[in-house]
Amino acid sequence: MKVEKCPDGKFADGRERAGDSRHCVVIRRLAPDATTFSTPTARARFKVLVVFLHGDNGGRIELKADSGTTAMLTEKLQAVTIAIQRPGYRSELGVSDGQSGPGDDDYTPENVEIVASALGNLRRLNFDKKILLVGHSGGAAMAALLASRFPGSADAYLLAACPCDVPAWRQWRAGSAGKTGVWTSLSPLAEAVKMSPGTPISLVVGNKDENTLPLFSETYARALQARGFKTRVTYAMNATHVSVLRSPEFFMLAGGLVDLLSK
């Protein structure tokens, strides 16, 4: 299989970069200890590639190898996990192609297409695996948009603390956090009609999340349910916008989707 060279000169090898010759994103790949594949459950979960999309952070992020959500997903799910550095974001590992900025208005068609290309590259490189796409906050919005605009990007989706109704969320943040300004980002709620029927998708939100309120996940879930999707919102008890990623409910849903894809 030919591995394309990214614009920064590195190769889209599925270990440091993912994408194509037009645009690539920085990635970090983590794998569980090889000895864990000795049980039937672990061997089944080896059939799934978990991909994580981080939340908004003004264009700067850390992709930690020894801590953070990707490391916890790898450990708890005993599955190979890849952290994608969203378009336009920079870290100690490099800069992802695409656009981002301090205002986080970057759920754009161009950025969604860049991540779709990266996921397509990862699928070709991991042809024997199914993909679970997990997103948090802005990363959850991006995951939902990918499910609608590029249905083959993943085989199942987990949205944590999703600002799925972007206009309502921005209005809330303008009043609660003083984050004003005109936004042009796509909204998952407006794109929900494009999602392929039968797509496995789960939502989780902290019942103490004061950023992406549970309401925004509920509205999106209802839109999907109206189209026949068997999905619902799970509430992570006593979890906030950030701590939802450490909640038992988050890992329970992730594990359930991995097991579903392992069959």
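All values derive from a computational prediction rather than experimental measurement.

Please clarify how the state of the cysteines should be interpreted in this entry.
The tally for this structure, following the rule as stated, stands at two disulfides. Here C162 pairs with C164 through a disulfide, and the sulfurs are 2.1 Å apart. Measuring the twist about the S-S bond at about 105°, one finds the C162-C164 disulfide to be right-handed. For the pair formed by C162 and C164, the shared burial category is buried. Counting only the cysteines that take part in disulfides, in the order they occur along the protein chain, gives the pairing 1-2, 3-4.

I tried to follow helix α5 (residues 166-177) on my own but got confused; where do I start?
Each α-helix winds once per 3.6 residues, and so residues spaced three or four apart point in a common direction. The complete set of buried residues in α5 reads V166, W169, R170 and R173. Taken around the axis of α5, the buried residues stretch over an arc of 100°, which confines them to a single face. Within α5, the exposed residues directed more than 90 degrees away from the buried face are P167, Q171 and G175. Just beyond α5, the residue with positive phi is G178, at close to 70°.

What's the story with the sheet that holds strand β10 (residues 233-236) in this structure? I'm lost.
Consider a sheet: its strands pair through backbone hydrogen bonds, and that pairing is either parallel or antiparallel. Here we have eight strands laid out as an open sheet, ordered β1-β2-β4-β3-β7-β8-β9-β10, and mixed in their pairing. Unpaired on one side and paired on the other, β1 (17-19) and β10 mark the two borders of the sheet. For this sheet, the mean angle separating the axes of adjacent strands, direction not counted, is 25°. Sheet analysis places β1 next to strand β2 (residues 24-30), joined by three bridges and oriented antiparallel. Bridging from a neighbouring strand, A18 pairs with V25 of β2.

What exactly am I supposed to notice about the pattern of salt bridges here?
Pairs can form between side chains of opposite charge once their charged atoms are near each other. A complete count under the given rule lists 10 salt bridges for this structure. The salt bridge involving E16 is made with K10; its shortest N-O contact spans 3.4 Å. Judged by relative accessible area, E16 falls into the partly exposed class, the value being 42%. Take K10: its relative accessible area is 36%, and that puts it in the partly exposed class. Close ionic contact of R86 with D106 constitutes a salt bridge, the shortest N to O distance being 3.0 Å. With R86 in the loop between β4 (80-84) and β5 (90-91) and D106 in the loop between β6 (94-95) and α3 (109-125), this pair connects stretches of sequence that are 20 residues apart. The residues R86 and D106 share a single accessibility class, namely buried. Within this structure, D20, R22 and E113 form a network of salt bridges that share partners.

Rules behind the numbers
Residues numbered from 1 in each chain as written. Predicted model: local features only at pLDDT ≥ 70, side-chain atom pairs only at ≥ 80, totals over all residues. Heavy atoms only, no water. Disulfide = S-S within 2.5 Å. Buried < 20%, exposed > 50% of the residue type's maximum accessible area, 1.4 Å probe, protein only. Helix = DSSP H or I, 4+ residues; strand = E, 2+ residues; numbered from the N terminus. Arc of directions from axis to C-beta. Pairing = 2+ DSSP bridges. Axes fitted to C-alpha atoms, helices over the stretch in contact; angles between N-to-C directions. Salt bridge = Lys/Arg side-chain N within 4 Å of Asp/Glu carboxyl O.

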